[in-house]
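If you want the building blocks of each chain, they are given just below.
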Amino acid sequence: MIRNFKEHDLPIVMQIWLDTNIEAHNFIPSKYWTDNYEMVKSILPQAEIYVHENDLTKQIDGFIGLNDDYIEGIFVKSSAQSNGIGKQLLDFAKNIKTNLSLNVYQKNVRAIAFYKREDFVIKSESIDLSTNEKDFLMTWCR
């Protein structure tokens, strides 16, 4: 089930955010993510967040963060990955938005392949100044 984020979801959502970023971005020191944890925790509740809740366990196993038509990120617990949760979250966003964009690190080849499968196209490349890593701007239109 996908539902709106609630304030009491913050601890589990932040744990998923931290664990997933460290795992998916092993080319960035984990200290970068831990150093940014409190800042993200303070601004995340102001974003448009939807969580995926496991129907059986009622536990949150993923979420998507949106800022207008920009996807701040899709995060799925490692134990729940490759079960279609990321696609469900993205499909949910596609149903409520007509255009979507996001930045993805070029070294995150798994994410790039996922977004290409979902009809996103690479529009440009740049360098994320906070990590000095190359990334792509990818977009999708209905």
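Described in the following lines is the structure provided in the data block.

Here's the deal with the pairing of strand S6 (residues 121–128)
Relative to strand S7 (residues 133–141), S6 is paired through seven bridges, and the arrangement is antiparallel. By the bridge assignment for S7, serine 126 is matched with aspartate 135. A loop of four residues connects S6 with S7, the two strands running antiparallel in sequence, and asparagine 132 in this loop sits at a positive phi of about 60°.

Structural notes on the pattern of salt bridges
Inspection of every chain in the model, using the stated rule, returns eight salt bridges. Here glutamate 133 ties to lysine 107 by a salt bridge, and the two come within 3.4 Å at their closest N and O atoms. With a gap of 26 residues between them, glutamate 133 in strand S7 and lysine 107 in the loop between strand S5 (99–105) and helix H4 (109–117) connect regions that are remote in the sequence. The class of glutamate 133 is buried, set by a relative accessible area of 11%. Residue lysine 107 is classed as exposed on the basis of its relative accessible area, which comes to 51%. Where salt bridges share partners, they join Lys87, Asp91, Lys94 and Glu118 into one cluster.

Some details on H4
Residue pairs spaced three or four apart in an α-helix point in one direction, given the helix's 3.6 residues per turn. Taken as a whole, H4 has its buried residues at Ala111, Ile112, Phe114 and Tyr115. Down the axis of H4, the buried set is contained in an arc of 160°. They therefore lie on one face. The exposed residues of H4 that point more than 90 degrees off its buried face are Val109, Arg110 and Arg117. On its buried face, H4 is in contact with strand S4 (70–76), helix H3 (85–96), S5 and S7. Where H4 ends, the next residue or the one after it, aspartate 119, has phi of about 70°, a positive value.

Focus: the nonpolar core
The biggest cluster of nonpolar side chains holds 22 residues, and the ones touching the most others in it are Ile64, Ile71, Ile74, Leu90, Leu100, Tyr115 and Phe120. Within the residue set of this core, elements represented by two or more residues are strand S3 (60–67), S4, H3, S5, H4 and S7. Sequence-distant contacts of isoleucine 64, that is, excluding residues within four places in its chain, are made with Glu48, Ile49, Tyr50, Ile71, Gly73, Ile74, Leu89, Leu90 and Ala93. Judged by nonpolar contacts, the second largest core, of 19 residues, contains Phe5, Met14, Ile28 and Tyr37.

Here's the deal with the packing of aromatic side chains
Applying the stated criterion to the full structure yields eight aromatic pairs. Their ring planes at 80° and their centres at 5.9 Å tell us that tryptophan 17 and tryptophan 33 sit as a pair that is edge-to-face. Of the two residues, tryptophan 17 is situated in helix H1 (residues 10–24) and tryptophan 33 in helix H2 (residues 30–43); the sequence distance between them amounts to 16 residues. Overall, tryptophan 33 belongs to the buried group, its relative accessible area being 7%. With 5.7 Å between their ring centres and 80° between their planes, phenylalanine 27 and tyrosine 105 make a pair best called edge-to-face. Highlighted residues: phenylalanine 27 in the loop between H1 and H2 and tyrosine 105 in strand S5, separated in sequence by 78 residues. The pair phenylalanine 27 / tyrosine 105 is uniform in exposure class, with both members buried. Members of the aromatic cluster, connected to one another through ring pairs, are Trp17, Tyr32, Trp33 and Tyr37.

Conventions used here
Residues numbered from 1 in each chain as written. Predicted model: local features only at pLDDT ≥ 70, side-chain atom pairs only at ≥ 80, totals over all residues. Heavy atoms only, no water. Pairing = 2+ DSSP bridges. Helix = DSSP H or I, 4+ residues; strand = E, 2+ residues; numbered from the N terminus. Salt bridge = Lys/Arg side-chain N within 4 Å of Asp/Glu carboxyl O. Buried < 20%, exposed > 50% of the residue type's maximum accessible area, 1.4 Å probe, protein only. Arc of directions from axis to C-beta. Contact = heavy atoms within 4.5 Å. Core = buried A, V, L, I, M, F, W, Y, C linked by side-chain atoms within 4.5 Å. Phe/Tyr/Trp six-rings, centres within 6.5 Å; stacked < 30°, edge-to-face > 60°.

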